[in-house]
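An overview of the molecular structure
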Amino acid sequence: MGAGGLGLERERSAGRARGGGALLLVLLLLTTVGAAAAGTWWALRDDVPASTAAEPVVRDGELVDARTGDPWVPHGVVWGSFETACAQGWGYSALDTLADPGRAGGDGGGGVGDAGEDEREAAAAAQADVLATWAVDTVRLPLNQDCWLGTRGAPVSDDFAARTPAGYRAAVDTFVEALNARGMVVVLTLHSRKRIGSPEAGSLAMPDSESLAFWRAVAARYAERPSVLFEAFHEPHSREDAAGRRVLDLDWACWRDGGCRAPVEDEGVPVAAGGPTYDAQGMADVVAAIRRAGADQPVLLPGPDRARDLSAWRQWAPDDDQLVATVHVGSPATTAGTPGAASDEPGCGPACWREVLAPLADQVPLLTTELGPGEQLPGTAALHLRWAADHGVGVLTRSWVERPGDPEALVEDLSGRPTAWGELVRAWLEPDPPGPSNGT
């Protein structure tokens, strides 16, 4: 019996035992509990700002705004730090330094020594305002699985704050609300984990069983927020041991259905030959977990080879009518091995765009969820922005982080002062679209 049926039986029993007045009280209580369990807790709060953002859905092979039926092509940024700060022990995210810039290590998340809720909300609203000045309409928020679930000792506390999974989730909530209220769609991505025995963030090659628990919780929490989308995993990839031997050869069958054995070591930690492994969970498992949690928003699925191989995405995609193919462009990587990709072309470059991405974009929604600047500007990044505009493909550029000297940072600091890479992106985000790409 489903949750609704069980609640009805309880209401009837209470009515027979206690009469009409008690029935009304039980009905109200059960309605509240049931709504929260189903993910509709947003509707029960009276302090959530109304969303003015698009409500994307997949229709006839493209993303459209459900409010109007018009095509919707996202243009935005990757806002970093929710995936790392909580594992490294300096906050829940970079918003914490905005909430109380004078307190080193402060996290603004509700634990001991944290900034208060009002300060946290003000910081989130201020950052949303800055993003809006860049004409951003979509923000990708990479999340940390362990910080959300409270596993592997995450989130990490420090001398200033005792951090908790509930505090982490509340911090994410606050920023999602602020972004939606300023007209921005949010993409929540399963990005990182906390490394075992180390205050650092790492990532696995594929989702594990706890990833499904993460997605059940996240999807239930945001099921009633149509301006929130879900990206199943950051970068599915193969793994090699310290001697360069392939210990996980991620093929399309495992990508979709799981079942292959992946090393337990996080990315960046050497893999021992014959070491422990886990059962990889496939993209179909992630989609099913999200749907069972009651969320029907589009789910974004990156391909293998660190989200650079989409050559067989359409043939292997799970059976669901709200899926979006995602690709990463402009990151150092091995050759994607996709049909038509030049052997000296890292990842998915121009040949891959023409011969793999363009045909795919004619059939299913396609979104570049990470575009980096590459080795030089304007270079490949500018070419991809023009190509994407010509083909109706959305792009999210990385990264909105305060990281002095990092050529991939869009801003000098969180006030929004652009770097050289940020200048190019900000010009692209302006209402006038880029010029034609001359057939690239």
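Our structure is the block above this text.
Small disclaimer: the values here were computed from a predicted structure and weren't measured.

1. Examining unusual backbone geometry
Trans peptide bonds make up most of the peptide bonds, and negative phi angles are found at most residues other than glycine. Residue Pro155 is reached from Ala154 by a cis peptide bond, and omega for that bond is -5°. The residue after Arg398, namely Ser399, is reached through a cis peptide bond having omega -5°. Even without glycine at this site, Arg152 takes up a positive phi of about 55°. Looking at the secondary structure, you find Arg152 in the loop between helix 7 (145-149) and helix 8 (165-181). What makes Arg152 partly exposed here is its relative accessible area of 24%.

2. Details of the nonpolar core
Counting residues in each nonpolar core, the largest one holds 98 residues, and the members touching the most others are Trp79, Leu188, Trp313, Leu357 and Leu366. Beyond its immediate stretch of four places on either side in the chain, Trp79 contacts Ser93, Ala94, Leu95, Gln127, Leu131, Val139, Arg140, Leu141, Pro142, Phe175 and Trp400. Residues Ala54, Leu63, Val78 and Leu229 belong to the second largest nonpolar core, which totals 13 residues.

3. Points about the packing of aromatic side chains
Per the counting criterion, the structure on display carries 13 aromatic pairs. Measuring from centroid to centroid gives 6.5 Å for Trp148 and Tyr222, while their planes differ by 50°, and the two rings are tilted. You can see Trp148 sitting in helix 7 and its partner Tyr222 sitting in helix 9 (residues 209-222), a full 74 residues away along the chain. Considered together, Trp148 and Tyr222 belong to a single accessibility category, that of buried residues.

4. Considering the state of the cysteines
Covalent bonding between the sulfur atoms of two cysteines defines a disulfide. Scanning all chains against the criterion turns up three disulfides. Disulfide pairing places Cys254 opposite Cys260 at an S-S distance of 1.8 Å. On the S-S bond that ties Cys254 to Cys260, the torsion sits near -60°, and the link is left-handed. There is no split in this pair, since Cys254 and Cys260 are both buried. Here Cys348 engages in a disulfide with Cys352; their sulfurs sit 1.9 Å apart. Sign of the S-S torsion, about -85° for the bond between Cys348 and Cys352, identifies this disulfide as left-handed. Accessibility classification places Cys348 together with Cys352 in one group, the buried group.

5. Points about the environment of Trp313
Along the polypeptide, Trp313 turns up in helix 13 (residues 313-316). Since its relative accessible area comes to 2%, Trp313 is described here as buried. The sequence separation of Trp313 and Trp255 amounts to 58 residues, and the corresponding C-alpha distance is 9.8 Å. If we ignore the near neighbours within four places in the chain, the residues touching Trp313 are Trp252, Trp255, Leu301, Leu323, Val324, Ala325, Leu360 and Val364.

6. Concerning the packing of helix 6 (residues 117-133) against helix 8
Relative orientation of the contacting elements helix 6 and helix 8 amounts to 40°, with a least axis distance of 8 Å. Comparing the axis directions of helix 6 and helix 8 gives the class oblique. As for the relative orientation of helix 6 and helix 8, their crossing is right-handed in sense. Side by side, helix 6 and helix 8 meet where Arg120, Glu121, Ala124, Ala125, Gln127, Ala128 and Leu131 of the first sit next to Ala170, Ala171, Thr174, Phe175, Ala178 and Leu179 of the second. Looking at the contact of helix 6 with helix 8 residue by residue, the class counts come to nine nonpolar, two polar and two charged.

7. Examining helix 16 (residues 420-429)
Among all positions in helix 16, only Trp421, Gly422, Leu424, Val425, Trp428 and Leu429 are buried. Viewed end-on, helix 16 has its buried residues packed into an arc of 160°, placing them on one side of the element. Where helix 16 is buried, its residues meet strand 3 (75-79), strand 14 (366-371), helix 15 (379-390) and strand 15 (394-400).

8. Overview of the packing of helix 9 against helix 11 (residues 283-292)
Axes are the key here: two packed helices are described by the angle between their axes and the distance separating the axes. At their nearest, the axes of helix 9 and helix 11 sit 8 Å apart, and the two run at 35° to each other. As for how helix 9 packs across helix 11, the hand of that crossing is right-handed. On helix 11, the residues touching Leu212, Trp215, Arg216 and Ala219 of helix 9 are Asp285, Val286, Ala289 and Ile290.

9. Some words on a negative patch on the surface
A cluster of acidic residues, Glu117, Asp118, Glu119 and Glu121, forms a negative patch on the protein surface. A relative accessible area of 61% means that Asp118 is categorised as exposed.

10. Some words on the side chain of Gln145
Looking at the element boundaries, Gln145 is found in helix 7. Polar side-chain contacts of Gln145 include one of 2.7 Å to the side chain of Ser211. If we ignore the near neighbours within four places in the chain, the residues touching Gln145 are Thr151, Leu190, Ser192, Arg193, Asp208, Glu210, Ser211 and Phe214.

11. Thoughts on the pattern of salt bridges
Pairs may arise between side chains of opposite charge once their charged atoms sit close together. Counted under the stated rule, the structure contains 22 salt bridges. Arg140 is paired through a salt bridge with Glu370; the nearest N and O atoms lie 2.9 Å apart. Taken together, the residues Arg140 in strand 4 (residues 138-144) and Glu370 in strand 14 connect sequence positions 230 residues apart. Like Glu370, Arg140 is buried. Arg417 is the salt-bridge partner of Asp413, the closest N and O atoms lying 2.8 Å from each other. On the accessibility criterion, Arg417 (46% relative accessible area) is partly exposed. Here the residues in one salt-bridge network are Asp146, Arg152, Arg193, Asp208, Glu210 and Asp266, joined through shared partners.

Analysis parameters
Residues numbered from 1 in each chain as written. Predicted model: local features only at pLDDT ≥ 70, side-chain atom pairs only at ≥ 80, totals over all residues. Heavy atoms only, no water. Helix = DSSP H or I, 4+ residues; strand = E, 2+ residues; numbered from the N terminus. Buried < 20%, exposed > 50% of the residue type's maximum accessible area, 1.4 Å probe, protein only. Core = buried A, V, L, I, M, F, W, Y, C linked by side-chain atoms within 4.5 Å. Contact = heavy atoms within 4.5 Å. Phe/Tyr/Trp six-rings, centres within 6.5 Å; stacked < 30°, edge-to-face > 60°. Disulfide = S-S within 2.5 Å. Axes fitted to C-alpha atoms, helices over the stretch in contact; angles between N-to-C directions. Parallel < 35°, antiparallel > 145°, perpendicular 65-115°, else oblique. Left-handed = near helix turned anticlockwise from the far one by under 90°. Nonpolar A, V, L, I, M, F, W, Y, C, P; charged D, E, K, R; others polar. Arc of directions from axis to C-beta. Patch = residues over 30% accessible without salt bridge, like charges linked within 9 Å, V, L, I, M, F, W, Y side chains within 5 Å. Areas by Shrake-Rupley, 256 points an atom, 1.4 Å probe, with all protein chains shown as cover. Salt bridge = Lys/Arg side-chain N within 4 Å of Asp/Glu carboxyl O. Lys, Arg positive; Asp, Glu negative; His and termini not counted. Charge placed at Lys NZ, Arg CZ, Asp CG, Glu CD. Polar contact = N/O pair within 3.5 Å; in protein donor to acceptor, adjacent residues only side chain to side chain.

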